[in-house]
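Structural overview
One-letter residues, chain by chain:
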Amino acid sequence: MKTLYLIIFIGLVAWKGYHAWLRGRNAYLKDVEQYQSLREYLLGNGATEWEARRPFLPRALRRAYQPLLSQWRLWAGVVAAGILIWLIF
């Protein structure tokens, strides 16, 4: 029974992680497309590829993880319930 709860918990975390990655990736690609001239400007002035990508990463990370952080109470409840069930059974 404990294994089933562990599999369900890992599945939930993987599902939420996939959707966070998808949101971040889409935000990053949209920003790179929308601000292509900024990226070209940075590359033209001698920035490396990493330095040209850097302005887009913080917004993509915020867009990816902000919904997860706003749901922290729900996740804390799920984790607490899972730990209690794990200990009881």
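Not measured: the values here are computed from a predicted model.

Its 14 residues place the ends of helix 4 (residues 57-70) 20 Å apart at the C-alpha level, agreeing with the 20 Å of an ideal helix rising 1.5 Å per residue. Where helix 4 bends most, at Ala 64, the angle is about 30°, and the proline Pro 67 comes one to four residues later. When helix 4 is considered as a whole, its buried residues turn out to be Ala 60, Ala 64 and Leu 68. Those residues of helix 4 hidden inside the fold are in contact with helix 1 (2-34) and helix 5 (72-88).

This next bit is on the packing of helix 1 against helix 5. Between helix 1 and helix 5, the least distance of the axes is 10 Å, while the angle of their chain directions is 165°. Overall, the two elements helix 1 and helix 5 adopt an arrangement that is roughly antiparallel. Handedness of the helix 1/helix 5 crossing: left-handed. Residues Lys 2, Tyr 5, Leu 6, Phe 9, Leu 12, Val 13 and Lys 16 of helix 1 pack against Trp 75, Val 79, Ile 85 and Trp 86 of helix 5. The class makeup of the residues in the contact of helix 1 with helix 5 is nine nonpolar, no polar and two charged.

Right, let's talk about the packing of aromatic side chains for a bit. In this description, an aromatic ring pair is defined by two values, namely the gap between the centres and the angle between the planes. Scanning the model with the defined rule gives two aromatic pairs in all. Seen from their ring centres, Tyr 28 and Phe 56 are 6.4 Å apart, and the 80° between their planes marks the pair as edge-to-face. Note that Tyr 28 is positioned in helix 1 and Phe 56 in the loop between helix 3 (49-53) and helix 4, a separation of 28 residues in sequence. For Tyr 28, a relative accessible area of 18% corresponds to the buried category. Since its relative accessible area comes to 4%, Phe 56 is described here as buried.

What follows deals with helix 1. Across its 33 residues, helix 1 extends 48 Å between first and last C-alpha, which sits within 8% of the 48 Å expected from 1.5 Å per residue. Within helix 1, burial applies to Lys 16, Ala 20, Gly 24, Ala 27, Tyr 28, Asp 31 and Val 32.

With that out of the way, let us pick up the packing of helix 1 against helix 4. Between helix 1 and helix 4, the least distance of the axes is 8 Å, while the angle of their chain directions is 150°. What the angle tells us is that helix 1 and helix 4 run roughly antiparallel. Relative to helix 4, helix 1 is oriented so that their crossing is right-handed. Across from Lys 16, Ala 20, Arg 23, Gly 24, Ala 27, Tyr 28, Lys 30 and Asp 31 in helix 1, the residues of helix 4 making contact are Leu 57, Arg 59, Ala 60, Arg 63, Ala 64, Tyr 65, Pro 67 and Leu 68. Here the residues of the contact of helix 1 with helix 4 sort into nine nonpolar, one polar and six charged.

About the criteria used
- Residues numbered from 1 in each chain as written.
- Predicted model: local features only at pLDDT ≥ 70, side-chain atom pairs only at ≥ 80, totals over all residues.
- Heavy atoms only, no water.
- Helix = DSSP H or I, 4+ residues; strand = E, 2+ residues; numbered from the N terminus.
- Expected span 1.5 Å × (residues − 1).
- Bend = angle between axes of the 7 residues up to and from the residue.
- Buried < 20%, exposed > 50% of the residue type's maximum accessible area, 1.4 Å probe, protein only.
- Contact = heavy atoms within 4.5 Å.
- Axes fitted to C-alpha atoms, helices over the stretch in contact; angles between N-to-C directions.
- Parallel < 35°, antiparallel > 145°, perpendicular 65-115°, else oblique.
- Left-handed = near helix turned anticlockwise from the far one by under 90°.
- Nonpolar A, V, L, I, M, F, W, Y, C, P; charged D, E, K, R; others polar.
- Phe/Tyr/Trp six-rings, centres within 6.5 Å; stacked < 30°, edge-to-face > 60°.

Coordinates in, geometry out; function isn't part of it.
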